[in-house]
Amino acid sequence: MSLLRQPLLLLSRSAQVKRLVSTMPISSGVVRSYVPGESTQTAVDATARLVADGLGVTLDFLGEDTVALEQAEATVAAYADLLGELASRGLSRHAEVSVKLTAIGLALPHDVAPGGGFKTALEHARTICRAARNAGTTVTVDMEDHTTTDATLAILRELRKDFPETGAVLQSYLHRTEADCRALAYEGSRVRLCKGAYNEPEHVAFQSRDEVDRAYVRCLKVLLAGQGYPMIATHDPRLVAIASSLASRYGRAQGTYEFQMLYGIRPDEQRRLASSGESVRVYLPYGADWYGYLMRRLAERPANLTFFAKSLISKK
Ligand code: FDA
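Residues numbered from 1 in each chain as written. Predicted model: local features only at pLDDT ≥ 70, side-chain atom pairs only at ≥ 80, totals over all residues. Heavy atoms only, no water.

Novice: Would you mind showing me how to read the overall build of the protein here?
Specialist: Counting its regular elements, the protein contains 13 helices and eight strands. The C-alpha atoms of the protein give 19 Å as radius of gyration, which agrees with the globular expectation for 316 residues (20 Å, within 12%). For the protein, the C-alpha atoms occupy an extent of roughly 50 × 45 × 45 Å along the three principal directions. When each of the 316 residues of the protein is scored for burial, the buried share is 55%. Here the contacts in the protein between residues at least 6 apart in sequence split such that 74% fall between residues at least 24 apart. Of the accessible surface of the protein, which amounts to about 13,600 Å², a share of 55% is contributed by carbon and sulfur atoms. Placing the 38 positive and 35 negative side-chain charges of the protein at their respective mean positions leaves the two points 5 Å apart. (Helix = DSSP H or I, 4+ residues; strand = E, 2+ residues; numbered from the N terminus. Rg over C-alpha atoms; globule rule 2.2 N^0.38 Å. Buried < 20%, exposed > 50% of the residue type's maximum accessible area, 1.4 Å probe, protein only. Contact = heavy atoms within 4.5 Å. Areas by Shrake-Rupley, 256 points an atom, 1.4 Å probe, with all protein chains shown as cover. Lys, Arg positive; Asp, Glu negative; His and termini not counted. Charge placed at Lys NZ, Arg CZ, Asp CG, Glu CD.)

Novice: Would you mind showing me how to read the nonpolar core here?
Specialist: A general feature of soluble globular proteins is that nonpolar side chains tend to end up buried together. Ranked by size, the top nonpolar core spans 68 residues in total, and within it Leu 59, Ile 128 and Leu 284 carry the most contacts. Setting aside its immediate chain neighbours within four residues, Leu 59 contacts Ala 43, Thr 47, Tyr 79, Leu 82, Leu 86, Ala 95, Glu 96, Val 97, Ser 98, Leu 284 and Tyr 286. (Core = buried A, V, L, I, M, F, W, Y, C linked by side-chain atoms within 4.5 Å.)

Novice: I would appreciate a short explanation of the site of the ligand in the present structure.
Specialist: Lining the immediate surroundings of the ligand are 25 residues, of which Met 143, Gly 196, Thr 234, His 235 and Glu 300 lie closest. Between the ligand and Thr 234 there is a distance of 2.6 Å, counted from an oxygen atom to a side-chain nitrogen or oxygen. Within the side chain of His 235, one N or O atom sits 2.7 Å away from an oxygen atom of the ligand. Here the ligand, which alone exposes 930 Å², has 88% of that area covered by the protein. Spatially, the ligand is embedded in the largest pocket. For the shell around the ligand, the secondary structure elements donating two or more residues are β4 (168–171), β5 (190–194), β7 (258–262) and α12 (291–300). It is β7 that provides the largest number of residues to the shell around the ligand, a total of three residues. (Near = heavy atom within 4 Å. Polar contact = N/O pair within 3.5 Å; in protein donor to acceptor, adjacent residues only side chain to side chain. 1 Å grid on protein atoms, 1.4 Å probe; cavity = no way out; pocket = protein on both sides within 12 Å on 5 of 7 lines; lining within 4 Å. Sits in = over half its atoms within 2 Å of the grid points.)

Novice: Teacher, can you tell me more about the side chain of Arg 192 here?
Specialist: Position of Arg 192 relative to the elements: it lies in strand β5. Among the polar contacts listed, one links the side chain of Arg 192 to the side chain of Ser 98, at a separation of 2.9 Å. Other than its neighbours up to four places away in sequence, Arg 192 contacts Thr 58, Ser 98, Thr 140, Asp 142, Ala 168, Val 169, Leu 170, Met 231, Ala 233, Gln 260 and Tyr 283.

Novice: I keep staring at helix α5 (residues 69–88) and nothing clicks. Help me out?
Specialist: For the α-helix, the turn length of 3.6 residues means that residues three or four positions removed from each other point alike. Helix length check: α5, at 20 residues, gives a terminal C-alpha distance of 29 Å against a target of 28 Å (1.5 Å per residue), a fit within 8%. Restricting attention to buried positions, one finds in α5 the residues Leu 69, Ala 72, Thr 75, Val 76, Ala 78, Tyr 79, Leu 82, Leu 83 and Leu 86. Next to the buried residues of α5 lie α4 (40–52), β1 (56–61), β2 (95–99), α6 (116–135) and β8 (280–286). Of the residues one or two after α5, Gly 90 is the one with positive phi, at around 70°. (Expected span 1.5 Å × (residues − 1).)

Novice: How should I be thinking about the layout of surface pockets in this particular structure?
Specialist: Unoccupied space between atoms shows up once a probe the size of one water molecule is rolled over them. Each pocket or cavity is described by its volume, and for the largest pocket that value is around 1,000 Å³. Around the largest pocket sit 37 residues that line it, and His 235, Leu 262, Ile 265, Arg 297 and Glu 300 are the ones nearest its centre. Among the elements of the structure, β4, β5, α9 (209–225), β7 and α12 are those that each provide at least two residues to the lining of the largest pocket. Grouping the constituent residues of the lining of the largest pocket by class yields 16 nonpolar, eight polar and 13 charged. There are two domains that each give the lining of the largest pocket at least three residues, and those are domain 1 (1–35 + 289–316) and domain 2 (52–286). A volume near 620 Å³ is recorded for the second largest pocket. Broken down by element, the lining of the second largest pocket gets its largest block of residues, four residues, from α12. When the residues that make up the lining of the second largest pocket are grouped by side-chain class, the tally is five nonpolar, six polar and nine charged. Two domains each put at least three residues into the lining of the second largest pocket: domain 1 (1–35 + 289–316) and domain 2 (52–286). (Points joined across faces, edges and corners; volume = space filled by probe spheres on them. Nonpolar A, V, L, I, M, F, W, Y, C, P; charged D, E, K, R; others polar. Domains from an automatic or database assignment.)

Novice: What exactly am I supposed to notice about the domain arrangement of the protein here?
Specialist: Many authors give the size of an interface as the accessible area that is lost as the parts come together. On domain assignment, one finds that the protein holds domain 1 (1–35 + 289–316) and domain 2 (52–286). The centre of domain 1, based on its C-alpha atoms, is set 23 Å off from the matching centre of domain 2. Across the contact, 16 residues belong to domain 1 and 21 residues belong to domain 2. Across the domain 1 to domain 2 interface the summed buried area is about 1,600 Å²; carbon plus sulfur atoms make up 52%. Note that Glu 64 is salt-bridged to Arg 296, the shortest N-O span being 2.9 Å. At the boundary of domain 1 and domain 2, one finds one residue pair in polar contact (both at pLDDT 80 or more). The set of elements that each furnish at least two residues to the side of domain 1 that touches domain 2 consists of α1 (5–11), α3 (29–34) and α12. Among the elements that make up the side of domain 1 that touches domain 2, the one with the highest residue count is α12 (five residues). Per-class residue counts for the side of domain 1 that touches domain 2 are seven nonpolar, three polar and six charged. (Buried area = accessible area lost by both parts, 1.4 Å probe. Salt bridge = Lys/Arg side-chain N within 4 Å of Asp/Glu carboxyl O.)

Structure below.
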């Protein structure tokens, strides 16, 4: 992990920093490089461009840590609207959605959400899975910080009873993840493996880049040797190369797994992999609530900070 990553993620939780950064318009270079826009229309237009280039897409309506039931309901409505639009534009064969459970109510207390956060998030997730199935596509449940891992996997298990096509996400930085990979490497199980983007304590997560990368390779082996459908989410050139050679070592044909990268990050590599016959999916976030997402991307890539500071000063 970079030296700047943890302080930056901690700083991002300050209300003052959030107020300052959130005044940047979405059109400012640094926000735009990671988030194509705020509206369903801009997101679907960006999706159509990626699909025309031979890429798959998973769309994320930005939002997390929702504290009001109405906000969680509005997020569910936004997904329903998005899925309808994807279907009517003929894009749903190539585009699915990614959902954060805290955006649809996981953290809501009993006095705000009758039945509590778990039940609320599960019901909302079911609604989105149903809308996705009606549109001819799927949902992947994003993974958030470690305090939500058990609840997220429990909701995933419930969802898969009715919607076995629902994707999971596991983070190689957590000590528990190799075991979670084993549990989820069964037939039909779509599992996205990423390094993990949150600021996690030592007792649950590897802290050094080297340990996280080595854990990523161990998890990759479990997933590629298993019966499921691995979704290899990384921009790391070394891990992409290792994944390709492991895939052939385990006799995996192209199309029995996929690569995933974030919108705006290494776009040439996304196209290179796709033109070599690999399935590649781009994670495309959109919406007004881009703050948390942007700060995680900046924390991963301190080289972007100068660019970011200039955008903030010029507010363009
Ligand atoms: P690493 O951070 O080591 O970067 C490797 C290389 O990629 C860098 O050297 C640079 O070239 C490029 N790069 C990486 N980040 C960049 C940036 N911000 N800007 C420019 N270049 C950059 N996390 C999570 O906790 N829960 C989740 O549900 C998801 N979901 C998810 C979906 C998809 C499709 C992806 C690709 C990633 C996630 N993540 C995630 C984020 C993930 O955990 C991780 O934080 C980032 O992918 C960065 O890690 P890399 O594996 O890319 O390696």
